[in-house]
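Summary of the model geometry
Listed below, chain by chain, are the residues.
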Amino acid sequence: MSKYELPKNFNYTDVNILKQFITETGKIIPARVTGVTASNQRKLTKYIKIARFLALIPYTDMHK
Amino acid sequence: MKKYEAVIILNPNLSSKADDFIKDFKKLLEANTFKISKQEDVGRRQLSYSINNHNKGHYLLFNIEGDPSKLIEIENKIKYDESIIRHLFVSVKNHSGEDSQLLLDSKNKKNEAEDVVEKEPKVKQPKEDKKENLDNNKDVKPEDSESKEDDKIEEKEDKDE
(Lines give C-alpha, C1' and ligand atoms only; values in the text may rest on other atoms or scores of the structure.)
Protein backbone atom coordinates (compact mmCIF):
# COMPACT_ATOMS: atom_id res chain seq x y z
CA MET A 1 0.00 0.00 0.00
CA SER A 2 1.53 3.27 -1.08
CA LYS A 3 1.64 6.09 1.48
CA TYR A 4 0.91 9.56 0.23
CA GLU A 5 2.65 12.31 2.12
CA LEU A 6 0.35 15.23 2.73
CA PRO A 7 1.62 18.60 3.96
CA LYS A 8 0.69 19.49 7.55
CA ASN A 9 -1.47 22.41 6.52
CA PHE A 10 -3.53 22.29 3.39
CA ASN A 11 -6.97 23.51 2.55
CA TYR A 12 -9.55 23.65 -0.22
CA THR A 13 -7.43 26.03 -2.31
CA ASP A 14 -4.65 23.43 -2.78
CA VAL A 15 -6.22 22.15 -5.97
CA ASN A 16 -3.15 20.24 -7.13
CA ILE A 17 -3.14 18.15 -3.95
CA LEU A 18 -6.88 17.49 -3.99
CA LYS A 19 -6.75 16.40 -7.65
CA GLN A 20 -4.48 13.51 -6.69
CA PHE A 21 -7.25 12.05 -4.52
CA ILE A 22 -10.09 12.04 -7.02
CA THR A 23 -10.54 9.68 -9.95
CA GLU A 24 -10.74 10.79 -13.58
CA THR A 25 -14.51 10.78 -13.18
CA GLY A 26 -14.28 13.06 -10.11
CA LYS A 27 -15.00 10.53 -7.38
CA ILE A 28 -13.11 10.65 -4.08
CA ILE A 29 -10.66 7.74 -3.89
CA PRO A 30 -11.09 5.61 -0.73
CA ALA A 31 -8.35 5.75 1.89
CA ARG A 32 -7.82 1.98 1.67
CA VAL A 33 -6.55 2.55 -1.87
CA THR A 34 -4.42 5.65 -1.26
CA GLY A 35 -3.16 4.71 2.21
CA VAL A 36 -3.95 8.13 3.65
CA THR A 37 -4.44 8.31 7.41
CA ALA A 38 -8.04 8.45 8.61
CA SER A 39 -7.78 12.02 9.92
CA ASN A 40 -6.25 13.21 6.65
CA GLN A 41 -8.96 11.41 4.67
CA ARG A 42 -11.63 13.27 6.67
CA LYS A 43 -9.92 16.57 5.85
CA LEU A 44 -9.58 15.58 2.20
CA THR A 45 -13.24 14.72 1.77
CA LYS A 46 -14.26 18.00 3.44
CA TYR A 47 -11.95 20.10 1.27
CA ILE A 48 -12.78 18.22 -1.93
CA LYS A 49 -16.47 18.91 -1.37
CA ILE A 50 -15.80 22.62 -0.76
CA ALA A 51 -13.52 22.83 -3.80
CA ARG A 52 -16.24 21.19 -5.93
CA PHE A 53 -18.77 23.78 -4.81
CA LEU A 54 -16.33 26.56 -5.74
CA ALA A 55 -15.81 25.03 -9.21
CA LEU A 56 -12.12 24.44 -8.51
CA ILE A 57 -12.49 20.72 -9.27
CA PRO A 58 -15.32 19.00 -11.14
CA TYR A 59 -18.11 16.95 -9.58
CA THR A 60 -18.01 14.57 -12.53
CA ASP A 61 -16.62 14.31 -16.05
CA MET A 62 -20.16 14.66 -17.44
CA HIS A 63 -20.38 18.45 -17.05
CA LYS A 64 -21.69 20.05 -20.21
CA MET B 1 -16.38 36.67 17.55
CA LYS B 2 -15.74 33.90 15.04
CA LYS B 3 -13.19 33.59 12.29
CA TYR B 4 -14.32 32.94 8.75
CA GLU B 5 -12.89 32.55 5.29
CA ALA B 6 -15.01 34.09 2.57
CA VAL B 7 -14.73 33.04 -1.06
CA ILE B 8 -16.60 35.07 -3.66
CA ILE B 9 -16.74 34.32 -7.38
CA LEU B 10 -17.57 37.42 -9.37
CA ASN B 11 -19.10 37.60 -12.81
CA PRO B 12 -16.06 37.53 -15.18
CA ASN B 13 -17.60 40.26 -17.35
CA LEU B 14 -17.42 42.61 -14.37
CA SER B 15 -13.89 41.70 -13.32
CA SER B 16 -12.67 45.16 -14.41
CA LYS B 17 -14.90 46.59 -11.70
CA ALA B 18 -13.55 44.16 -9.09
CA ASP B 19 -11.80 46.93 -7.15
CA ASP B 20 -15.08 48.82 -6.78
CA PHE B 21 -16.79 45.64 -5.62
CA ILE B 22 -14.05 44.98 -3.04
CA LYS B 23 -14.54 48.52 -1.65
CA ASP B 24 -18.30 48.04 -1.42
CA PHE B 25 -17.90 44.61 0.14
CA LYS B 26 -15.46 45.98 2.72
CA LYS B 27 -17.94 48.69 3.62
CA LEU B 28 -20.68 46.07 3.98
CA LEU B 29 -18.46 43.95 6.24
CA GLU B 30 -17.35 46.87 8.38
CA ALA B 31 -20.93 48.07 8.72
CA ASN B 32 -21.70 44.67 10.23
CA THR B 33 -18.80 44.76 12.76
CA PHE B 34 -16.54 42.50 10.70
CA LYS B 35 -12.78 42.87 10.56
CA ILE B 36 -10.78 41.92 7.47
CA SER B 37 -7.39 40.46 8.36
CA LYS B 38 -6.40 39.49 4.83
CA GLN B 39 -7.72 39.80 1.31
CA GLU B 40 -6.62 38.12 -1.89
CA ASP B 41 -7.59 39.08 -5.41
CA VAL B 42 -6.89 35.89 -7.32
CA GLY B 43 -8.30 37.17 -10.60
CA ARG B 44 -10.03 35.39 -13.44
CA ARG B 45 -9.81 31.65 -13.37
CA GLN B 46 -11.25 28.81 -15.43
CA LEU B 47 -14.26 27.17 -13.72
CA SER B 48 -14.35 23.37 -13.64
CA TYR B 49 -17.97 23.47 -14.74
CA SER B 50 -20.13 26.29 -16.03
CA ILE B 51 -22.14 28.30 -13.49
CA ASN B 52 -25.04 30.34 -14.94
CA ASN B 53 -23.45 29.90 -18.38
CA HIS B 54 -20.15 31.41 -17.19
CA ASN B 55 -16.99 29.46 -17.95
CA LYS B 56 -14.67 31.78 -16.04
CA GLY B 57 -14.90 33.46 -12.66
CA HIS B 58 -13.10 36.22 -10.81
CA TYR B 59 -12.08 34.74 -7.44
CA LEU B 60 -11.79 36.84 -4.28
CA LEU B 61 -10.69 35.42 -0.92
CA PHE B 62 -11.10 37.17 2.43
CA ASN B 63 -10.06 36.27 5.96
CA ILE B 64 -12.64 37.89 8.22
CA GLU B 65 -13.60 37.88 11.87
CA GLY B 66 -16.91 38.89 13.39
CA ASP B 67 -20.26 38.14 14.90
CA PRO B 68 -21.99 35.02 13.51
CA SER B 69 -25.48 36.54 13.80
CA LYS B 70 -24.42 39.48 11.60
CA LEU B 71 -23.10 37.09 8.98
CA ILE B 72 -26.64 36.12 8.06
CA GLU B 73 -27.44 39.74 7.24
CA ILE B 74 -24.38 39.96 5.01
CA GLU B 75 -25.35 36.76 3.25
CA ASN B 76 -28.90 38.01 2.69
CA LYS B 77 -27.53 41.07 0.91
CA ILE B 78 -25.02 39.08 -1.14
CA LYS B 79 -27.69 36.63 -2.31
CA TYR B 80 -29.40 39.20 -4.50
CA ASP B 81 -26.20 40.77 -5.87
CA GLU B 82 -26.14 39.75 -9.52
CA SER B 83 -22.42 40.42 -9.94
CA ILE B 84 -21.71 37.44 -7.65
CA ILE B 85 -22.14 34.06 -9.27
CA ARG B 86 -21.18 32.07 -6.15
CA HIS B 87 -20.15 32.76 -2.56
CA LEU B 88 -19.08 30.71 0.44
CA PHE B 89 -18.32 31.48 4.07
CA VAL B 90 -16.33 28.80 5.91
CA SER B 91 -15.72 29.02 9.64
CA VAL B 92 -12.12 28.23 10.63
CA LYS B 93 -10.31 27.84 13.93
CA ASN B 94 -7.35 29.95 12.90
CA HIS B 95 -6.36 31.96 9.88
CA SER B 96 -3.22 30.50 8.35
CA GLY B 97 -2.01 33.95 7.29
CA GLU B 98 -0.23 32.44 4.31
CA ASP B 99 -1.11 33.12 0.71
CA SER B 100 -3.53 30.58 -0.71
CA GLN B 101 -2.39 28.17 -3.39
CA LEU B 102 -4.86 29.78 -5.79
CA LEU B 103 -3.13 33.15 -5.49
CA LEU B 104 0.29 31.54 -5.86
CA ASP B 105 -0.85 29.67 -8.97
CA SER B 106 -2.24 32.82 -10.56
CA LYS B 107 0.98 34.68 -9.73
CA ASN B 108 3.05 31.89 -11.27
CA LYS B 109 0.92 32.01 -14.40
CA LYS B 110 1.39 35.78 -14.62
CA ASN B 111 5.13 35.38 -14.18
CA GLU B 112 5.20 32.75 -16.91
CA ALA B 113 3.29 35.07 -19.21
CA GLU B 114 5.75 37.85 -18.42
CA ASP B 115 8.64 35.50 -19.06
CA VAL B 116 7.18 34.68 -22.46
CA VAL B 117 6.87 38.39 -23.21
CA GLU B 118 10.44 38.91 -22.09
CA LYS B 119 11.64 35.97 -24.10
CA GLU B 120 10.05 37.15 -27.32
CA PRO B 121 12.49 40.00 -27.92
CA LYS B 122 15.31 37.58 -27.15
CA VAL B 123 13.90 35.23 -29.73
CA LYS B 124 13.59 38.05 -32.20
CA GLN B 125 17.26 38.91 -31.96
CA PRO B 126 18.40 35.52 -33.16
CA LYS B 127 15.78 35.80 -35.87
CA GLU B 128 17.36 39.03 -37.03
CA ASP B 129 20.68 37.29 -36.99
CA LYS B 130 19.14 34.57 -39.07
CA LYS B 131 17.82 37.14 -41.48
CA GLU B 132 21.29 38.52 -41.81
CA ASN B 133 22.49 35.01 -42.38
CA LEU B 134 19.80 34.58 -44.97
CA ASP B 135 20.95 37.77 -46.59
CA ASN B 136 24.43 36.38 -46.63
CA ASN B 137 23.05 33.17 -48.00
CA LYS B 138 21.25 35.09 -50.71
CA ASP B 139 24.55 36.57 -51.65
CA VAL B 140 26.03 33.15 -51.64
CA LYS B 141 23.17 31.41 -53.39
CA PRO B 142 23.49 33.06 -56.75
CA GLU B 143 27.06 31.96 -56.84
CA ASP B 144 25.94 28.48 -55.92
CA SER B 145 23.27 28.49 -58.56
CA GLU B 146 25.75 29.78 -61.09
CA SER B 147 28.15 27.09 -60.14
CA LYS B 148 25.32 24.57 -60.42
CA GLU B 149 24.43 25.95 -63.80
CA ASP B 150 28.06 25.68 -64.73
CA ASP B 151 27.95 22.10 -63.57
CA LYS B 152 24.85 21.47 -65.65
CA ILE B 153 26.42 23.04 -68.65
CA GLU B 154 29.48 20.94 -68.13
CA GLU B 155 27.27 17.88 -67.83
CA LYS B 156 25.52 18.81 -71.04
CA GLU B 157 28.82 19.29 -72.72
CA ASP B 158 29.80 15.90 -71.42
CA LYS B 159 26.62 14.42 -72.85
CA ASP B 160 27.22 16.15 -76.15
CA GLU B 161 30.62 14.66 -76.33
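Conventions we followed
- Residues numbered from 1 in each chain as written.
- Chains lettered and ligands numbered in written order.
- Predicted model: local features only at pLDDT ≥ 70, side-chain atom pairs only at ≥ 80, totals over all residues.
- Contact = placed C-beta atoms within 7 Å.
- Helix = DSSP H or I, 4+ residues; strand = E, 2+ residues; numbered from the N terminus.
- Nonpolar A, V, L, I, M, F, W, Y, C, P; charged D, E, K, R; others polar.
- Expected span 1.5 Å × (residues − 1).
- Buried ≥ 20, exposed ≤ 12 C-beta atoms within 10 Å, placed from the backbone.
- Arc of directions from axis to C-beta.
- Core = buried A, V, L, I, M, F, W, Y, C linked by C-beta atoms within 7 Å.
- Pairing = 2+ DSSP bridges.
- Axes fitted to C-alpha atoms, helices over the stretch in contact; angles between N-to-C directions.

A word on the interface of chain B and chain A
The parts lose accessible area when they come together, and the size of an interface is often stated as this lost area. Each side of the interface is counted separately: chain B has 14 residues, and chain A has 13 residues. Elements that contribute at least two residues to the side of chain B that touches chain A include exactly strand 1 (2-10), strand 2 (35-51), strand 4 (84-91) and helix 3 (101-160) of chain B. Per element, the largest residue contribution to the side of chain B that touches chain A is four residues, and it comes from strand 2 of chain B. Partitioning the side of chain B that touches chain A into residue classes produces eight nonpolar, five polar and one charged.

Notes on helix 1 (residues 18-31) of chain B
All names here are of chain B. With 14 residues, helix 1 extends 20 Å from end C-alpha to end C-alpha; this agrees with the ideal 20 Å at 1.5 Å per step. Residues of helix 1 that are buried: A18, F25 and L29. Taken down its axis, helix 1 places every buried residue within 40° of arc, on the same side. More than 90 degrees from the buried face of helix 1, the exposed residues found are D19, D20, K23, K27, E30 and A31. Positive backbone phi, approximately 60°, marks T33, located one or two places after helix 1.

Some thoughts on the nonpolar core
Residues L18, I48 and A51 of chain A are the most contacted members of the largest nonpolar core, which totals 30 residues. Breaking this core down by element, the ones donating at least two residues are helix 3 (38-53) of chain A together with strand 1, helix 1, strand 2 and strand 3 (54-66) of chain B. In terms of residue count, the dominant contributor to this core is strand 1 of chain B (five residues). Aside from chain neighbours lying at most four places away, what touches I48 of chain A is L18, F21, I22, I28 and I57 of chain A.

Overview of the sheet that holds strand 2 of chain B
The strands making up a sheet associate through hydrogen bonds between their backbones, and the pairing can be parallel or antiparallel. Residue and element names in this part refer to chain B. The four strands lie next to each other as 2-3-1-4, forming an open sheet whose pairing is antiparallel. Here the strands that pair on one side only, and so sit at the sheet edges, are strand 2 and strand 4. Going across the sheet, the axis of each strand differs from the next one's by a mean of 20°, ignoring polarity. As paired strands, strand 1 and strand 3 are joined by nine bridges and run antiparallel to one another.

A closer look at the environment of T45 of chain A
You can see T45 of chain A is positioned in helix 3. With 11 residues separating them along the chain, T45 of chain A and L56 of chain A place their C-alpha atoms 14 Å apart.

Description of the pairing of strand 2 of chain B
Residues and elements named next belong to chain B. Looking at chain direction, strand 2 and strand 3 are connected through 11 bridges and run antiparallel. Looking at the pairing, I51 lines up with H54 of strand 3. Joining the antiparallel neighbours strand 2 and strand 3 is a turn of two residues, in which N52 adopts a positive phi near 50°.

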